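A structural walkthrough
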Amino acid sequence: MGESLGLYLHIPFCRSKCDYCDFYSLAGQDDRMDDYQRALLGNIAECASLAKKSEVNSIYIGGGTPSWYGQRRLAELLTAVRKRFHVAKGAEVTLEVNPDSVSLKLLRHLHRLGVNRISMGMQSACDEELCRVHRPHDFQQVVDGVDIVRQARIHNLNLDLIYGLPGQTEESWRETVERAIALQPEHLSCYGLTVEPDTPLANRVAQGEQLPDDDDQAERYLWTVRRLAQAGYDQYEISNFAKPGYQSRHNLKYWMGQPYLGLGVAAHSDFGGCRYAYVRDLEGYIQGMLEGGEVLAESEQVPPRERGGEYLMLRLRTVHGIEEWEYRREYYMNFDPIETRLSQYEQRGWAARAGRRWHLTPEGFLLSNRLIGELLELQESATLANTLEKIREGGLPEQPDEGDSPAPTG
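So, a few notes on the structure that sits alongside this text. Given the structure is predicted, the values throughout are model-derived calculations rather than measurements.

Across its full length, the protein chain carries 15 helices and 17 strands. For a compact globule of 410 residues, the expected C-alpha radius of gyration is about 22 Å, and the protein chain comes in at 22 Å, within 12% of that figure. For the protein chain, the spread of C-alpha atoms along the three principal axes comes to 70 × 55 × 45 Å. Put simply, the protein chain has 410 residues, and 52% of those count as buried. By sequence separation, contacts in the protein chain at least 24 residues apart represent 72% of the contacts at least 6 residues apart. For the protein chain, the accessible area works out to roughly 19200 Å², and carbon and sulfur atoms hold 47% of it.

Quick look at the structure:
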């Protein structure tokens, strides 16, 4: 069996659309669920043939709101995945749910089919804040939903929280965190609100609605890191905190540059040296999968130099960070200018070194877009200098053929 593989299944259907959401999700399209199911099952069968030598050790059903999709369809998908792919014993199998659409019957049935991790969209403990962004639940439904998860004997629960919501104060955010801790999840994801273009929230902001500013968000973030550490949650990525042994195996695949297959409309994959994505169009995806049309929106082979950039960009999101000889061995790039800049960050409290490994601090995570951007510029300059030196020494060797793309064609 080859390298372990992550599998992501995208369910785009929602009961309603939240004002801040920029994911590919659709409300009011429930009549298309059965046709989408047929298309997704075909997608599973097609892609399984690409992964015959891989062992799937994580499955993530996300959306959208998968718990809105229905017990029968979800069970059918899980059965098809286990039939078509080599699924490891003890694989992490995550289902995203919203508190208003989770039931004991659903979770008990899916737990028997292998679901052993639930990710629930709590977002806030303040009903007024939930209402302002049109979340389809209140906090009591979160409490009830957590109880249902535990009754179903699922012992790995993540709660999603958002700081910076409209009308949120420092006090209401701290209350949200305290109430989330009291529910005793094994994992917490705490995201700063981002105003995405062309969302209802972006329109509200354009019309003058005020949100907590960057300084407010920074204070809430740093307080959260400290408070969750006190409560026994280790930070392992910018926005993610877990009790020992409960880091998200699937999400770590993205941040550690490990292969994953994304199935379904708008899903992305990085597999076999190829990165590709399906169309963000429900009807186009269904038609393409069922009638043999084109379903890929993009597909590209990823050259080693770009992989080196991804190494910096993704791993510096984690507390695992980066390491000199790992970088040199995998990407044949000079680490010296990177280390010089990281040493400067260390002096300002933005980075820390543990042995040969470097990682950003919580203060550095707040500036991660800027800091990682600077490191990527240094990498590009060093690569250009190395290329010019090789040209002066007599030219560059010919590049080997990339080979055929492993991306499915629909």
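Alright, that's what it looks like, and here's the rest.
Another point: the packing of helix H3 (residues 104–112) against helix H5 (residues 139–151). Packing of H3 against H5 leaves a shortest axis separation of 9 Å and a crossing angle of 35 degrees. Considering the relative orientation of H3 and H5, their crossing is right-handed. Of the residues in H5, those in contact with Leu104, Leu107 and Arg108 of H3 are Ile148, Val149 and Gln151. When the residues that make up the contact of H3 with H5 are grouped by side-chain class, the tally is four nonpolar, one polar and one charged.

A separate point is the pattern of salt bridges. Using the criterion set out here, one finds 31 salt bridges in the structure. A salt bridge links Arg328 to Asp336; its shortest N-O distance comes to 2.8 Å. Assessed through its relative accessible area of 41%, Asp336 is described here as partly exposed. Here Glu346 makes a salt bridge to Arg353, at a shortest N to O gap of 3.3 Å. Judged by relative accessible area, Glu346 falls into the partly exposed class, the value being 31%. One salt-bridge network, held together by shared partners, links Asp270, Arg275, Glu300, Glu306, Arg307 and Glu310.

About the thresholds
Residues numbered from 1 in each chain as written. Predicted model: local features only at pLDDT ≥ 70, side-chain atom pairs only at ≥ 80, totals over all residues. Heavy atoms only, no water. Helix = DSSP H or I, 4+ residues; strand = E, 2+ residues; numbered from the N terminus. Rg over C-alpha atoms; globule rule 2.2 N^0.38 Å. Buried < 20%, exposed > 50% of the residue type's maximum accessible area, 1.4 Å probe, protein only. Contact = heavy atoms within 4.5 Å. Areas by Shrake-Rupley, 256 points an atom, 1.4 Å probe, with all protein chains shown as cover. Axes fitted to C-alpha atoms, helices over the stretch in contact; angles between N-to-C directions. Left-handed = near helix turned anticlockwise from the far one by under 90°. Nonpolar A, V, L, I, M, F, W, Y, C, P; charged D, E, K, R; others polar. Salt bridge = Lys/Arg side-chain N within 4 Å of Asp/Glu carboxyl O.

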